[in-house]
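Residue-level structural notes
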Amino acid sequence: GAISRVLQSFVDEHTDERDGGVVVLTHIYLLLGCAVPSLLSPYATQEGKGAFDLLLALSGVLIVGVGDTAASVYGSMRGRTRWHVSACHKTLEGSAAGAVSTLIGAGAAVYMSTCYQTITHHNPPPMGDRVATAEYVWACIGVGVATIAASLLEAFTQQIDNLVLPLWYFTMLCAATHM
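Let us look at the structure shown here.

Criteria and thresholds
- Residues numbered from 1 in each chain as written.
- Predicted model: local features only at pLDDT ≥ 70, side-chain atom pairs only at ≥ 80, totals over all residues.
- Heavy atoms only, no water.
- Helix = DSSP H or I, 4+ residues; strand = E, 2+ residues; numbered from the N terminus.
- Buried < 20%, exposed > 50% of the residue type's maximum accessible area, 1.4 Å probe, protein only.
- Contact = heavy atoms within 4.5 Å.
- Patch = residues over 30% accessible without salt bridge, like charges linked within 9 Å, V, L, I, M, F, W, Y side chains within 5 Å.
- Areas by Shrake-Rupley, 256 points an atom, 1.4 Å probe, with all protein chains shown as cover.
- Salt bridge = Lys/Arg side-chain N within 4 Å of Asp/Glu carboxyl O.
- Core = buried A, V, L, I, M, F, W, Y, C linked by side-chain atoms within 4.5 Å.
- Expected span 1.5 Å × (residues − 1).
- Phe/Tyr/Trp six-rings, centres within 6.5 Å; stacked < 30°, edge-to-face > 60°.
- Axes fitted to C-alpha atoms, helices over the stretch in contact; angles between N-to-C directions.
- Parallel < 35°, antiparallel > 145°, perpendicular 65-115°, else oblique.
- Left-handed = near helix turned anticlockwise from the far one by under 90°.
- Nonpolar A, V, L, I, M, F, W, Y, C, P; charged D, E, K, R; others polar.

So, on to the overall build of the protein chain. Looking only at helices and strands, one finds six helices and zero strands in the protein chain. Each helix (α) and strand (β) of the protein chain, taken in turn from the N terminus, gives the series α-α-α-α-α-α. By the burial criterion, 36% of the 179 residues in the protein chain qualify as buried. At a minimum sequence separation of 6, the contacts of the protein chain that also span at least 24 residues come to 67%.

Structure (structure tokens):
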């Protein structure tokens with residue numbers, strides 16, 4: 001009836017050419033992309049003591065929910081410089097907005113993780129006196145590089161980025177924070 005027509009028009013508005021048939025796969029991929037890094041993070045963290053543990057768990061939500069959304073909204077509103085790739089309608093400004101918003105979210109996740117561990121363990125943050133050490137600085141640089149690379153991957157991929165981006169970003173963050 002009337003409800004199914006309203007729902008169908010809403011779903012049709014939020015699908016693209018990669019969706020076909022009865023099942024809207026991009027929505028399922030979005031849910032998987034947000035959930036899988038959270039499910040994998042206990043296996044990738046350093047026994048719950050690392051300052052980057054929350055970042056790993058939230059990496060899917062950050063790159064798709066925050067970064068991809070910011071890139072889409074800002075790029076469609078303010079984007080002027082198109083990437084010079086065939087069939088790419090994304091903008092440099094959108095990609096930059098996605099990277100910046102993801103980096104802000106990543107910084108907030110690391111800060112919250114450190115604060116939580118300080119409060120619950122009644123001792124200095126897990127990095128303690130290592131905060132200014134080369135290991136921590138290199139990990140932060142690695143997070144920045146992984147975030148910028150993920151934003152570029154989002155701009156140029158022809159794959160369903162709701163699934164590819166979170167898995168790729170999670171893997172790159174694991175490499176960056178465990179070196």
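Still more to cover.
So, on to a nonpolar patch on the surface. On the surface, a nonpolar cluster with roughly 370 Å² of combined accessible area is contributed by Val85, Leu103, Ile148, Leu152 and Phe156. For the nonpolar patch, the element with the highest residue contribution is helix α5 (residues 134–156), accounting for three residues. With respect to the secondary-structure elements, valine 85 resides in the loop between α3 (53–78) and α4 (92–121).

Inspection of every chain in the model, using the stated rule, returns one salt bridge. The residue lysine 90 makes a salt bridge to glutamate 154 at a minimum N-O spacing of 3.0 Å. Here glutamate 154 lies in helix α5 and lysine 90 lies in the loop between α3 and α4, a separation of 64 residues in the sequence.

Moving on: the nonpolar core. Formed by 21 residues in total, the largest nonpolar core has its most connected members in Phe52, Leu55, Tyr169 and Leu173. For this core, the secondary structure elements donating two or more residues are α3, α4, α5 and α6 (161–177). Discounting chain neighbours no more than four positions away, the residues touching leucine 173 are Leu55, Leu56, Ser59, Val143 and Ala146.

Another point: α6. Its 17 residues place the ends of α6 23 Å apart at the C-alpha level, agreeing with the 24 Å of an ideal helix rising 1.5 Å per residue. For α6, the complete set of buried residues consists of Asp161, Asn162, Leu165, Pro166, Tyr169, Phe170, Leu173, Cys174, Ala176 and Thr177.

This brings us to the side chain of serine 113. Within the element layout of this structure, serine 113 appears in helix α4. Dropping the residues within four chain positions of it, serine 113 is found in contact with Gly50, Ala51, Asp53 and Leu54.

Under the defined criterion, the tally for this structure stands at one aromatic pair. Relative to phenylalanine 156, the ring of tryptophan 83 has its centre 4.9 Å away and its plane inclined at 70°; by these criteria the two rings are edge-to-face. Residue tryptophan 83 is found in the loop between α3 and α4, and its partner phenylalanine 156 is found in helix α5; the two are separated by 73 residues along the sequence. Residue phenylalanine 156 is classed as partly exposed on the basis of its relative accessible area, which comes to 33%.

Bringing the environment of aspartate 161 into the picture now. As for its position among the elements, aspartate 161 is in helix α6. Through-space distance from the C-alpha of aspartate 161 to that of threonine 26 is 8.8 Å; in sequence the pair is 135 residues apart.

Two numbers describe how helix α2 (residues 25–44) lies on α6: the axes approach to 7 Å, and their chain directions differ by 20°. The orientation of α2 with respect to α6, classified from their angle, is roughly parallel. For the pair α2 and α6, the sense of crossing is right-handed. Counted together, Thr26, Tyr29, Leu30, Leu32, Gly33, Val36, Pro37, Leu40, Ser41 and Ala44 of α2 and Asn162, Leu163, Pro166, Leu167, Phe170 and Cys174 of α6 form the full contact between these two elements. Each residue belonging to the contact of α2 with α6 can be placed in one class, and the counts come to twelve nonpolar, four polar and no charged.

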